[in-house]
Amino acid sequence: EADIYQTPRYLVIGTGKKITLECSQTMGHDKMYWYQQDPGMELHLIHYSYGVNSTEKGDLSSESTVSRIRTEHFPLTLESARPSHTSQYLCASSKGQEGTDTQYFGPGTRLTVL
Amino acid sequence: QKEVEQDPGPLSVPEGAIVSLNCTYSNSAFQYFMWYRQYSRKGPELLMYTYSSGNKEDGRFTAQVDKSSKYISLFIRDSQPSDSATYLCAISRGAQKLVFGQGTRLTINP
């Protein structure tokens, strides 16, 4: 089982609140990712990082921001949550090797914004 | 057009049946092909990967890639209720971002 953790697992919050979703991994992986997944839909990459102090936006536009100050930690922040942000957020990490770069996923955070 | 197309199902079969899950892709530059399994309320976990045309077996699972047709498949033999999950195909061009299919929700009935 992959050593990648996400907290909280479930979050219900009111509109306008600032939230931070935590993600940490103990595998020493350089690359980390945030995906958004709606029920029955594909995973959409919203942010990724190739190492400390490196962050990039993914394919799906998102109002969230990320930071990568430490290798093992990749938090995602929403400054002002809205109902449209309701979704499942999945964090993943990989070694960053050439060829097949297996991504290991955390259990996800299910966010509901009222 | 989506880069990866996957029939979302749902697919329901009796225990012991052979299951076939499929994806098509549009970009011939894709080189690496993966299948992830996602149980309810969990993150996806890698099931199999391959980077060449042909078949790859792992126990009851067989991954098949046909690059000429841009078509990949996952076969599950002797399916078990514990195989009930959503199966996602994922494709990449190397050490790049993965492109995921929509996922097929599979239920194996005892």
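Residues numbered from 1 in each chain as written. Chains lettered and ligands numbered in written order. Predicted model: local features only at pLDDT ≥ 70, side-chain atom pairs only at ≥ 80, totals over all residues. Heavy atoms only, no water.

S.K.: So, the overall build of chain A: which residues are in play, and what are the values?
M.R.: Looking only at helices and strands, chain A features 0 helices and 11 strands. Order of helices (α) and strands (β) in chain A, N terminus to C terminus: β-β-β-β-β-β-β-β-β-β-β. Projecting the C-alpha coordinates of chain A onto the three principal axes gives extents of approximately 40 × 30 × 25 Å. Per-residue burial for chain A yields a buried fraction of 47% across its 114 residues. Of the contacts made within chain A by residues no fewer than 6 positions apart, 55% connect residues no fewer than 24 positions apart. Taken as a whole, chain A presents about 5,400 Å² of accessible surface, with 50% of it coming from carbon and sulfur. Here chain A contributes 10 positive and 13 negative side-chain charges, whose respective centroids are spaced 7 Å apart. (Helix = DSSP H or I, 4+ residues; strand = E, 2+ residues; numbered from the N terminus. Buried < 20%, exposed > 50% of the residue type's maximum accessible area, 1.4 Å probe, protein only. Contact = heavy atoms within 4.5 Å. Areas by Shrake-Rupley, 256 points an atom, 1.4 Å probe, with all protein chains shown as cover. Lys, Arg positive; Asp, Glu negative; His and termini not counted. Charge placed at Lys NZ, Arg CZ, Asp CG, Glu CD.)

S.K.: Give me the lowdown on the pattern of salt bridges, citing residues and values where you can.
M.R.: By the definition in use, this model includes 7 salt bridges over all chains. For E45 of chain B, the salt bridge goes to R37 of chain B, with nearest N and O atoms at 3.2 Å. (Salt bridge = Lys/Arg side-chain N within 4 Å of Asp/Glu carboxyl O.)

S.K.: Explain the layout of surface pockets to me, and be specific about the residues and the numbers.
M.R.: Here the largest pocket is characterised by a volume of approximately 560 Å³. Lining the largest pocket are 22 residues; nearest its centre among them are P39 and G40 of chain A together with S40, T86 and R105 of chain B. For the lining of the largest pocket, the elements supplying multiple residues, two or more each, are β9 (85–92) and β11 (104–109) of chain B. (1 Å grid on protein atoms, 1.4 Å probe; cavity = no way out; pocket = protein on both sides within 12 Å on 5 of 7 lines; lining within 4 Å. Points joined across faces, edges and corners; volume = space filled by probe spheres on them.)

S.K.: Just give me the short version of the interface of chain B and chain A, but keep the residues and values in it.
M.R.: Between chain B and chain A, the contact holds 19 residues from the first and 25 residues from the second. Buried area between chain B and chain A, both sides added, is near 1,900 Å², and the carbon and sulfur share of it is 52%. At the boundary of chain B with chain A, the tally comes to 4 residue pairs in polar contact (both at pLDDT 80 or more). Mapped onto the side of chain B that touches chain A, the elements with two or more residues apiece are β4 (32–38) and β5 (45–50) of chain B. Here the side of chain B that touches chain A gets 4 residues from one element, more than from any other, and that element is β4 of chain B. Taken together, the residues of the side of chain B that touches chain A break down into 10 nonpolar, 5 polar and 4 charged. (Buried area = accessible area lost by both parts, 1.4 Å probe. Polar contact = N/O pair within 3.5 Å; in protein donor to acceptor, adjacent residues only side chain to side chain. Nonpolar A, V, L, I, M, F, W, Y, C, P; charged D, E, K, R; others polar.)

S.K.: Go over the state of the cysteines, please, and point to the residues and values.
M.R.: Under the defined criterion, the tally for this structure stands at 2 disulfides over all chains. Disulfide partner of C23 of chain A: C91 of chain A, at an S-S distance of 1.9 Å. On the sign convention where negative is left-handed, the bridge of C23 of chain A and C91 of chain A, at about -75 degrees about the S-S bond, is left-handed. Taken together, the residues span a long stretch of sequence, with C23 of chain A in strand β3 (residues 19–25) and C91 of chain A in strand β9 (residues 87–94) at a distance of 68 residues. On the basis of relative accessibility, which here comes to 0%, the residue C23 of chain A falls in the buried class. Sulfur-sulfur distance for the disulfide between C23 of chain B and C89 of chain B comes to 2.0 Å. The sign of the S-S torsion, about -100 degrees, decides the handedness of the disulfide formed by C23 of chain B and C89 of chain B: left-handed. Here C23 of chain B, found in strand β3 (residues 19–25), pairs with C89 of chain B, found in strand β9; they are 66 residues apart in sequence, far enough to count as distant. Per residue, the accessibility class of C23 of chain B equals that of C89 of chain B, and both read buried. (Disulfide = S-S within 2.5 Å.)

S.K.: Any chance you could break down the sheet that holds strand β8 (residues 71–76) of chain B for me, citing the residues and the numbers?
M.R.: All names here are of chain B. An order of β1-β3-β8-β7-β6 is seen for the 5 strands of this open sheet, with the pairing classed as antiparallel. The sheet terminates laterally at β1 (4–6) and β6 (54–58), the two strands that pair on one side only. For this sheet the average axis-to-axis angle between neighbouring strands, irrespective of direction, equals 20 degrees. As judged from the 3 bridges shared by β1 and β3, these two strands associate in the antiparallel manner. Along β3, the bridge assignment pairs Q6 with C23. (Pairing = 2+ DSSP bridges. Axes fitted to C-alpha atoms, helices over the stretch in contact; angles between N-to-C directions.)

S.K.: Go over unusual backbone geometry, please, and point to the residues and values.
M.R.: All names here are of chain A. Going from T7 to P8, the amide bond is cis rather than trans, its omega being -10 degrees. Within the element layout of this structure, P8 appears in the loop between β1 (4–7) and β2 (10–13). Backbone geometry places N53, a non-glycine residue, at a positive phi of 65 degrees.

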